[in-house]
Amino acid sequence: MPSKATAAKPGKSPGRPPADSPAAIFRALIQRHLVSTLARHEGSATPRDWWVATALAVRDTIHERMIATQAVHNANNVRRIYYFSLEYLMGRLFGNNLLATGLMDTAKAALASLGQDFEKIREAEVDMGLGNGGLGRLAACFLDSLATLDYPALGYGIYYEFGLFRQAFAANGQQVEHPDNWILFGDPWEVARPEYTQEVRFYGRIENVFDDHGNYRPRWVDTKTILGVPHDIPTAGFGTGTVNLLRLWASKSSEDFDLAAFNRGGYVEAVREKAIGETVSKVLYPNDKTETGKELRLMQQYFFVACSLRDIIRRHFRNPANSWKNFAGKVAVQLNDTHPAIAVVELTRILIDEHGFTLAAAWEIVGATFAYTNHTLLPEALEKWSVGLFERVLPRHLQLIYDINAQLLKAVETKWPGDNEKKRICSLIEENGHKQVRMANLAVAGSHAVNGVAALHTDLLKKNLFPEFDALYPGKFQNKTNGITPRRWLHKANPRLSALITKKLGSAAWVRGLDQLHGLEKSAGDAAFQKEFMAIKRANKVDLAAVIKAECGVDVSPDALFDVQIKRLHEYKRQHLNLLHILALYRRLLQNPGLDIVPRVFVFGAKAAPGYDLAKNIIRAINVVGAHINTDPRIGGKLKVVFLPNYRVSLAEKIIPAADLSEQISTAGKEASGTGNMKLSLNGALTIGTLDGANVEIKEEVGDENIFIFGLNVDEVAALWAKGYKPWDFYQADEELRAVLDWLGSDFFTPGEHGAFALVHDSLLSGGDPYLVLADFRRYCDCQARVDAAYRDKAKWAKMAILNTARLGKFSSDRTIREYAKDIWSLKPVKV
Ligand code: 26Q
């Protein structure tokens, strides 16, 4: 324990806690880290210094638990799940770790006694934004549930030096991207583990060698080597001793790189070449659909997979009781989409080339080890790599892919003799024009289970994307509807509502058992409870209004309906449908200033991939139209439109508790699941949405009368395309739609600049409107009118909102993880 000598001067600290209280001990710990670790005098410490010192104080507890957890897991040689993901959107870890360890109140008291503002300190933490969107955040929620439910688990990924770009808006409303140098000043949560550094080889060529028995024993030679250095981030379970690890690999140049360069050019050249090794983990690709053919992306995928598998194998064989025989019995690997699917080939290669297995024997172990989660049906998002690129970067892996493919096509021949069409479809190699490796087919073939992420998505996966594989491997495909962690998305993000729920249910056990929220249902009609519930919503809206004022300079009223659309910017998510509705309301108000509508604040948050011009054009249009509406005195402040810059996890935590209405308006069949829909509904926002992804299941849970569903369903979408969709028909037939589209296409909002929004405008008309925005416009507006009417009835709205919270228990990621553990991983919890 730190000595009294490090304590602050008496008199300086208000309300100093009794000397042996937890708060006093924690306070001394903070002070010790400030001095010993940060070399900082209290008087000159910045909020960031206080944040680091407090984080290190919490970390002391977390490290003790982590060591204990790993000791128990190792001693019992437990089966573990290894989650392979190119993305982890962890956000901030401070509040989460304080709540997980039960140190939140202690830390608050300690910091208060040091005269520090807790909120200011927590804001000093930069989000760990090592992901694009839903898939990356799902990985983070899963880590939380795995630890909370005491499952032995390890997340593997890449230690990107630059996470997802920081977003700003130029004066003309256009998105501009800035690098996210999150690690610049260091990260108190991480521990580097250089002793577990791995080597990874790329490039080179294959020497065809035969052993004494005439067996083909190819040698992969003339390779370039880079190093992977693991950085561990502890992931602490809530209210339990389990602390698992997120192990992220940073790439470094290896010695042999330097040597060659030294011999050729000398010192400076050698150092310059060293940089190449470090590029591999430099930056997260900011696309949430395939970026075609980028060599560096393929290198990232192989780099982290190769490091992770070697690490798993090293740990497995550390225990003398283990062998290859029980490898798949101890190791379960989940592939988060196809991004890490090359792992299937890498393990095959290790088994054959380094341990003398036959392909058939290796493939048994591989199939028993891996499982694959699909997150998208969009054909343009299915990963394919050109055979030429593969051959250059990973020549031995390409050979093995052909060997695996021969086996696969044999199985197809057995199932459908003589059917070449089936072989063409199932093949790992696509052969039209230039040859490409199909990573999804590889992942399906190499896994014992393939899952979709919502019931509808899994149906479509089986029916539309993989019908042949579903027939070839009966039972392999299954559904695991996504979930979200209630710790971050309710308990931490919405402390007011969390406290009310705990008071009402008489215990905080719901935080680890979200189904208990059903207990709120009986109070949904209770006027006093409604009042408390809606007072909390209003307080959260007051808080968000302050954020909006600070970020956008716009005044918004907490009495208006907060209508929220927060997610990546994509045509299929249809932020432009929302915009057309805003334009329609604005126009109606201009034509009839006395029109009685519920005042609304439209809140957007979204990043567009830097190369996705149409998405960026939609952002600009919302910004420009918004600025116009926000400053038009004629509409009496009835409409406000704000686009909060730099949408990220920590910002989501501020928006979600304040939302009244949740926009989930994707074209039916396009959103695999969605998880923002769950977060918003859990926090008492009502959903306006299509029958897409998990919206379908949210509707089943909350009941038809507590959700606003509109638009074409999957079958109607298919029928419309089959019949031939002509956006012009809808344009001609709907006077208001025509007016708002013409308006958007004019230079009304950008005087002197013609065609500012031509990309959006034209995509909807001459571009054929690929996401059926015009087809759904009228029914969307009608549905929004039903929302308007419902909001006027305060008691009715409150009841609907409460029932959303009360009935969302299914969407806890605890439920999702238990299903994976039972149906896919055969994994049992281990108490520490
Ligand atoms: C692939 C190759 C090259 C570069 C980038 C990518 C790439 C990166 C990220 C492709 C896709 C992604 C992310 C996809 C994603 O977030 N999908 C979402 O996953 C959620 C969790 O299952 C679902 O809820 C969403 O519906 C789905 O869109």
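Everything below is about the structure printed above this text.
All values derive from a computational prediction rather than experimental measurement.

## Some details on the sheet that holds strand S24 (residues 686–689)
One open sheet holds the six strands; their spatial order is S22-S21-S20-S23-S24-S25, and the pairing between them is parallel. Bordering the open sheet on either side are strand S22 (639–643) and strand S25 (708–709), each of which pairs with just one other strand. Bridge count between strand S23 (residues 661–664) and S24: four bridges; the pairing is parallel. Bridged to Gln664 within S24 is Gly689. Where helix H23 (residues 613–630) meets the sheet, it contacts strand S21 (600–605) and S22, and its direction lies at approximately 145° from that of S22.

## Some details on a nonpolar patch on the surface
Together, Tyr267, Val268 and Val271 line one region of the surface with nonpolar side chains, adding up to about 320 Å² of accessible area. Taking the relative accessible area as the measure of exposure, Val271 reaches 42% and is therefore partly exposed.

## As for the site of the ligand
Lining the immediate surroundings of the ligand are 21 residues, of which Leu135, His375, Asn482, Glu671 and Gly674 lie closest. Glu671 is positioned such that a nitrogen or oxygen atom in its side chain is 2.6 Å from an oxygen atom of the ligand. Protein contact buries 94% of the 620 Å² of open area that the ligand shows by itself. No other element matches helix H6 (residues 134–148), which puts three residues into the shell around the ligand. Considering only residue class, the shell around the ligand consists of five nonpolar, nine polar and seven charged.

## So, the sheet that holds strand S16 (residues 429–430)
Pairing is antiparallel across the open sheet formed by three strands, whose spatial order is S15-S17-S16. Taken across any chain shown, the strands that pair with only one partner, and hence form the sheet edges, are strand S15 (384–386) and S16. The pairing of S15 with strand S17 (residues 436–438) spans three bridges and is antiparallel. Pairing of Lys384 across the sheet is with Arg438, part of S17.

## Re the pattern of salt bridges
All told, the structure shown has 55 salt bridges when counted by the stated rule. When the shortest N-O distance is used, the salt bridge between Arg600 and Asp563 registers 2.8 Å. Here the residue Arg600 occupies a position in strand S21, and Asp563 occupies one in strand S20 (residues 561–566), the gap between them amounting to 37 residues. The residues Arg600 and Asp563 share a single accessibility class, namely buried. A salt bridge links Asp596 to Arg792, with the shortest nitrogen-to-oxygen separation between them at 2.9 Å. Taken together, the residues span a long stretch of sequence, with Asp596 in the loop between helix H22 (575–591) and S21 and Arg792 in helix H31 (residues 773–792) at a distance of 196 residues. For Arg792, a relative accessible area of 38% corresponds to the partly exposed category. Several salt bridges share partner residues, and in doing so they unite Arg193, Asp232, Arg247, Asp311 and Arg314 into one network.

Cut-offs applied
- Residues numbered from 1 in each chain as written.
- Predicted model: local features only at pLDDT ≥ 70, side-chain atom pairs only at ≥ 80, totals over all residues.
- Heavy atoms only, no water.
- Pairing = 2+ DSSP bridges.
- Helix = DSSP H or I, 4+ residues; strand = E, 2+ residues; numbered from the N terminus.
- Contact = heavy atoms within 4.5 Å.
- Axes fitted to C-alpha atoms, helices over the stretch in contact; angles between N-to-C directions.
- Patch = residues over 30% accessible without salt bridge, like charges linked within 9 Å, V, L, I, M, F, W, Y side chains within 5 Å.
- Areas by Shrake-Rupley, 256 points an atom, 1.4 Å probe, with all protein chains shown as cover.
- Salt bridge = Lys/Arg side-chain N within 4 Å of Asp/Glu carboxyl O.
- Buried < 20%, exposed > 50% of the residue type's maximum accessible area, 1.4 Å probe, protein only.
- Near = heavy atom within 4 Å.
- Polar contact = N/O pair within 3.5 Å; in protein donor to acceptor, adjacent residues only side chain to side chain.
- Nonpolar A, V, L, I, M, F, W, Y, C, P; charged D, E, K, R; others polar.

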